[in-house]
Amino acid sequence: MAAPRASVVVPVYNTEAWLGAALASIDRQPRRTEIEVVVVDDGSTDASSEIARDYARRAPGVRYVRQDNAGLGAARNHGVRLATGNYLGFLDSDDLYPDGGLDHLVDIAERAGAPVAVGDMHGFPPRPSPPWRAEIVGPARTIGSVAEAPLLIGNPSACNKVFARDLVDQVGAEFTEGSAFEDVLFTVPLLVRSPLTALSPRLVYLYRQRGNGSSIMEGRFRPAKIMQHLNIIERLVAGSSDVAPEVAGAIGRWVAYMQLHYAGRAADALDDGQLADFTRRMAALLADVPVPVAAEFSRNPHAGLRAVALYEQDPDGVRQPRHTGPVRLCGGQLYLDHPRWDRYRDLLRVPAPTVGVHTVRRSGPAGDEVVRLTGWCGLPGPGGAPGDQRDDLVLEIGDTRLRLPLTVADGSGGRLRWRVDVPLATLPRGRYALRIVARDGGAELVLPPAPGAPGTRAALTARGRAVWVAPGRRGLRLVVSDPLVTAAATPARWSRMARYQAGRAARRGVRVARQGRQRLRRLAAR
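Residues numbered from 1 in each chain as written. Predicted model: local features only at pLDDT ≥ 70, side-chain atom pairs only at ≥ 80, totals over all residues. Heavy atoms only, no water.

Describe the nonpolar core, and please don't skip the residues or the numbers.
One recurring pattern in soluble globular proteins is that nonpolar side chains are buried together. Counting residues in each nonpolar core, the largest one holds 147 residues, and the members touching the most others are Ile-26, Phe-90, Phe-278, Leu-373 and Val-422. Among the elements that take part in this core, helix H8 (residues 245-269) stands out by supplying twelve residues, more than any other. Residues in contact with Phe-278, not counting those within four places in the same chain, are Ile-226, Met-227, Leu-230, Gln-259, Tyr-262, Ala-263, Ala-266, Leu-270 and Leu-310. Core analysis: the next-biggest nonpolar cluster, separate from the first, contains five residues, Ala-458, Ala-466, Ala-470 and Val-479 among them. (Core = buried A, V, L, I, M, F, W, Y, C linked by side-chain atoms within 4.5 Å. Buried < 20%, exposed > 50% of the residue type's maximum accessible area, 1.4 Å probe, protein only. Helix = DSSP H or I, 4+ residues; strand = E, 2+ residues; numbered from the N terminus. Contact = heavy atoms within 4.5 Å.)

So, the packing of helix H9 (residues 272-286) against helix H11 (residues 301-311): which residues are in play, and what are the values?
Pairs of packed helices are described in terms of their axes, by the angle between the two and the distance that separates them. Where H9 meets H11, the closest approach of the two axes is 7 Å, and the angle between their N-to-C directions is 90°. In terms of orientation, H9 and H11 fall into the roughly perpendicular class. Listed contacts from H11 to Phe-278, Thr-279, Met-282, Ala-283 and Leu-286 of H9 are Ala-309, Leu-310 and Tyr-311. Broken down by class, the residue content of the contact of H9 with H11 amounts to seven nonpolar, one polar and no charged. (Axes fitted to C-alpha atoms, helices over the stretch in contact; angles between N-to-C directions. Parallel < 35°, antiparallel > 145°, perpendicular 65-115°, else oblique. Nonpolar A, V, L, I, M, F, W, Y, C, P; charged D, E, K, R; others polar.)

Go over the packing of aromatic side chains, please, and point to the residues and values.
Evaluation of the coordinates by the stated rule reveals ten aromatic pairs. Each ring, one from Phe-90 and one from Phe-186, has its centre 5.5 Å from the other, and the planes form 80°; the classification is edge-to-face. Here Phe-90 is found in strand S4 (residues 87-90), whereas its partner Phe-186 is found in helix H6 (residues 184-193), with 96 residues between them in sequence. Phe-90 gets classed as buried once you look at its relative accessible area, which sits at 0%. Pairing Phe-175 with Phe-186 gives two aromatic rings, centres 4.0 Å apart and planes at 10°, and the pair type is stacked. Taken as a pair, Phe-175 in the loop between helix H5 (165-171) and H6 and Phe-186 in helix H6 lie far apart in primary sequence, eleven residues in all. Judged by relative accessible area, which is 3%, Phe-175 ranks as buried. A relative accessible area of 1% places Phe-186 in the buried class. (Phe/Tyr/Trp six-rings, centres within 6.5 Å; stacked < 30°, edge-to-face > 60°.)

This is the structure we're talking about:
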């Protein structure tokens, strides 16, 4: 008897609400009679068992087996051992095949003579488009090595793929048992060892986002899941030592992408001992990952400092990325300095640093003409202890009329919060360009204000002058007015007038509405 064209393994555990729809999606495949369905009941305690048994009794080509609860990986492996089809597919019992999705995968695999076929998959509710999808846009194609589509490794799910049974047996691929992320050590070795892989942009799989914590895909911030993921990645790298260099590079790229994201989770969730172990093992994984590759996935200086800490095996730096040194300028680009800057420069780049001003307040003893400006710079780490002066970052007022170093106020949250006391003795009435300038030796770089940076309310000095910061077309301006125009021209005056006018408009609206209701009642009474 000829083997089925394909076998679909359906692991089931307490999914009574969705199992019927999942199995019905198999029945809607046009060539359903050529599909074997292997349902593995992983010790369900709800009505899933009854639903699965009923399906096996009435539907063609169904094998039902029940086992003691052992987890998703064990259930899938059991199903693979029972399956007899030429190609293997995998459908989770709360997900769906679109009409014709499974048939399409088998079709393109057979036409190309490819042991692996990959299609698109969407979540419902929808999720952001992942990077790997870039490899399947455009016309369907067949590749001879995953190095031709390296981002595919970033999609280790087995569910939007079919695999030739011969390749699975040859590679000895198995799902990980007793652990989350069970797909990785099955799917990725098959992807990297397949001599041909057929790719299609067609939607072939729909996966459900439950949102209640019951899905195996959820709860990834738990310490156990973080360490399980690290263990899986280590096993993948160790088992890929014999692949071609370009394929090993693709694996390393995915390792950097995934694990640099998990490093942030680890910093939040792991205790000190776990984090030290995580950092040590991550440093070993990153040893073969070039720094520029890691820098592609460190989208801000905070993440870059954390990556540096991983390379340097510094768990404290992973927990709380810090930068205590000055800034550095090279080729018109701002960087954070580091003793090994030549190695880590790509991770220490500060992309599009911006600044803002929060407040202007009167400062100093009575009679002094001094105002304090407070604001922020888009730089991570404390940048020094509160009260320290940053001679590498200065506030420039006017065209170098006055330059004052920033004083550190706070550095938490990935921003450097600063303050500057500005003496007004040399600033007559006028509008002065306000800039924050980064300095490195003789090189300088003006940090632009954040888009849409607001102005501030005015501060009144002891002599009645008003000082505030106003946004303009060319950046921020420090405005100094004399006593004669203070009452009419300050933002504080405008703010009070705006509130007064808004209050009058609101009261007028209430009065008009009340009068309208009264008219309607009089008309109804007639």
